Amino acid sequence: MDLYEQRRYLSTFTANRVPHIFTDVLVIGGGIAGLRAAIEASRYGDVLVVTKSGPFRSNTAFAQGGIAVVFSDDDSCEQHIADTLQVACGLGDYGPIDTLIRRGPAEVKELLDWGARFDRDSDGKLCRGREAGHGLSRVLHADGDATGHEIAETLIHRAIEAPRIRVFYQCFTIDLVTLDDVCCGAITYHPKYGHQLVWAKQTILASGGAGRLFRETTNPEIATADGTAMAYRTGAVLRDMEMVQFHPTTMYVAGATRTLISEAVRGEGAYLVDRQGRRFMTDYHPDAELAPRDVVSRAILTEMSRTKSPCVFLDVRHIPRDRFAKRFPSIYERCRQFDMDVAHEFIPVRPSAHYMIGGLVVDQDTRTTVPGLLACGEVACTGVHGANRLASNSLLEGLVFGAIAGRAAGESLAHWSANGHPSLISTATTKARRVELDLEDIRNSLRALMTRSVGIEREMQRLDEAIHDIDFWGRYVMDKTFDKPYDWESQNMLTVARLIALAARNRTESRGVHHRTDFPNTDDQRWRVHVTLRRGDEGPVLGTNPVDEAPA
Ligand code: SIN
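Presented here is a report on the structure given in the accompanying data block. Every residue gets a number counted from 1 within its own chain, in the order that chain's sequence is written. Where local features are concerned, this predicted model is filtered to residues with pLDDT of at least 70; where side-chain atom pairs are given and counted, the filter is 80 or more; whole-chain, interface and lining totals use all residues. Values shown for side chains rest on all heavy atoms present in the structure; no hydrogens or waters enter the calculation.

1. As for the site of the ligand
Next, step 1: Consider each residue's heavy atoms; a residue with any of them within 4 Å of a molecule or strand counts as near. With respect to spatial proximity, the complete set of residues near the ligand consists of Gln64, Gly65, Glu131, His247, Ser262, Glu263, Arg293, His354, Arg389, Ala391 and Ser392.
Next, step 2: Separating an oxygen atom of the ligand from a side-chain N or O atom of His247 is a distance of 2.7 Å.
Next, step 3: Residue Glu263 places a main-chain N or O atom 2.6 Å away from an oxygen atom belonging to the ligand.
Next, step 4: Protein coverage of the free-state accessible area of the ligand, which is 260 Å², stands at 94%. Here a polar contact is recorded for every N or O atom pair within 3.5 Å, except that within protein the pair must consist of a potential hydrogen donor and a potential acceptor, and residues adjacent in sequence are included only if both atoms are side-chain atoms. Accessible areas in this description were obtained via Shrake-Rupley with a 1.4 Å probe; residue shielding takes into account the shown protein chains only.

2. With respect to the packing of helix 7 (residues 226–234) against helix 15 (residues 485–506)
Next, step 1: Comment: axis = line fitted to C-alpha atoms, over the contacting stretch for helices; angle = value between 0 and 180 degrees taken between N-to-C directions. Helix numbering and strand numbering both begin at the N terminus, where a helix is a DSSP run of H or I of at least 4 residues and a strand a DSSP run of E of at least 2. Interhelical geometry of helix 7 versus helix 15 gives an angle of 75° and a closest axis separation of 8 Å. With respect to helix 15, the element helix 7 is oriented roughly perpendicular. Residues Asp226, Thr228, Ala229, Tyr232 and Arg233 of helix 7 pack against Glu489, Asn492, Thr495, Val496 and Leu499 of helix 15.
Next, step 2: A class-by-class count of the residues in the contact of helix 7 with helix 15 yields 4 nonpolar, 3 polar and 3 charged. Angle categories are assigned with fixed cut-offs, so that under 35 degrees is roughly parallel, over 145 is roughly antiparallel, 65 to 115 is roughly perpendicular, and the rest are oblique. The contact criterion used throughout is that any non-hydrogen atoms of two residues lie within 4.5 Å. Basically, the charged four are Asp, Glu, Lys and Arg, the nonpolar ten are Ala, Val, Leu, Ile, Met, Phe, Trp, Tyr, Cys and Pro, and anything else, Gly included, counts as polar.

3. What to know about the sheet that holds strand 10 (residues 244–251)
Next, step 1: When DSSP finds two or more bridges between a pair of strands, those strands are recorded as paired. Spatially, 11-10-14-13-12 is the arrangement adopted by the 5 strands of the open sheet, whose pairing is antiparallel. Each edge of the open sheet is held by one strand with a lone partner, namely strand 11 (259–260) and strand 12 (271–273).
Next, step 2: The pairing of strand 12 with strand 13 (residues 312–315) spans 3 bridges and is antiparallel. Within strand 13, the residue paired with Tyr271 across the bridge is Asp315.

4. Thoughts on the layout of surface pockets
Next, step 1: A pocket, in this scheme, is an open set of points on a 1 Å grid over the protein atoms alone with protein on both sides within 12 Å along at least 5 of 7 lines, while a cavity is a set where a 1.4 Å probe fits but cannot get out; residues line either one if an atom lies within 4 Å of a point. Grid points are joined across faces, edges and corners, and a volume is the space filled by probe spheres set on the points. Looking at the second largest pocket, its volume works out to about 370 Å³.
Next, step 2: Lining the second largest pocket are 18 residues; nearest its centre among them are Leu301, Met304, Thr451, Arg452 and Ile456.
Next, step 3: Going through the elements one at a time, helix 9 (293–306), strand 14 (347–356), helix 13 (439–453) and strand 18 (457–458) are the ones with two or more residues in the lining of the second largest pocket.

5. Structural notes on the sheet that holds strand 17 (residues 380–381)
Next, step 1: Pairing is mixed in the open sheet, where 5 strands are placed in the order 17-15-9-20-21. Single-partner strands in this sheet number two, and they are strand 17 and strand 21 (541–546).
Next, step 2: Sheet topology places strand 15 (residues 359–361) next to strand 17; 2 bridges connect them, and they run parallel. Counted as the bridge partner of Val361 is Cys381 from strand 17.

Below, the structure written as structure tokens:
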């Protein structure tokens, strides 16, 4: 049996020796999906939210562009659905997309009622930005380019005010706990309180994405794929794990943390140019800078290679400085911190890992294949993004499916009955035989490997090599029982990196964000299916799910 498959629990604990906490609904994750789910579930029962970091450290809080939603008379749900399906490249599921877009306006209206301050024009009308793939401007934003922060703040306040919600910050979820294959909570670790066993009648996983598996990423340090890995260990079915979206424009300053330069900047008219200042996107796509993200990212790679340069550039010199600074205050300030005068200089950019499209298979109520476990937000694969995510649809997804998850979990409380007995939990592992490796070194090597071999362009030999390396590291890392979050995260990162590489090797075609240089064409006959993955005794088991077709 391979080592990744052996581990059911990363940590050893004895149920009757750790403190027990009881709640009706446990929510793992404090971003938009988790908080929205918690607020909804608290209408039905007691809710505990656990998050491994502090407030404002989620991917949500870093979102710049905004939230795509139909909010004006010149737009329609049909048009937004059509744009979403078009960008999804044949893998978008109609039912969930229809739900997302038709429920979106009511969810956003509620957010406004709760105090979210989105930008308005002088007539008090909501401002709408333009991003790639949208047939018209429909992206609402706040403080110019700080939309995520405003949404996070609104939801955090709402959650704090809710009498039935408790939030544990800095509380790392090590594993979901199952009894007879039913999820009944999680084992967590807090630096002050140690291990705690949280018993929940329903558990909602909203733990976010996996950007940190790649060296180049827009994601904060928390995005280490913990939720995906722990769900995989329970036997939950995952799908579309090969679908990782890269954002074309991340500020590139060697040695500095990468900073997202929102697509909305191109929506406001910025050009992509090479080091000579030549605008190149017009050579690649009729929509030029507003072509789908996968097209722009690959064009940038081609230009970087052609010009032997580590980056290309955004040219915003033709946008008046004051207008740019007002519309994008955070980006303007970030450029200023690097002594870049955007009125006279180009902004150096290159693509980086941005959003995990694949994740846990969920039904229309966000239930995973593990009873008692629901999932929403980036950790779930609702099918709304297909093979490529339409810009700014993900905050909407977090809101809409977060609310659905909270309601579904809440409504289930009435039918819940106790399952098994805590003392039945066994987390025994065999003693490690191999030497320890330097986890920091492995993590850096893994992130470089993923960017190089499982990134924007992929091909069989490099994927094979990547899987070989990850398997090698796994032999030394997955047999150990660690006792701190950094180390558990590293085990999770290896687990999920391997699944992404395996899924990418399996799909021998190119579609959306998954580009195989050895299979450059889209093969609808064979591959217009979702590919599923679940844990098996001898290794991951692959399967398929049909696409939910739009009505004729
Ligand atoms: C951006 O601001 O470009 C990111 C928006 C998104 O990824 O949806």
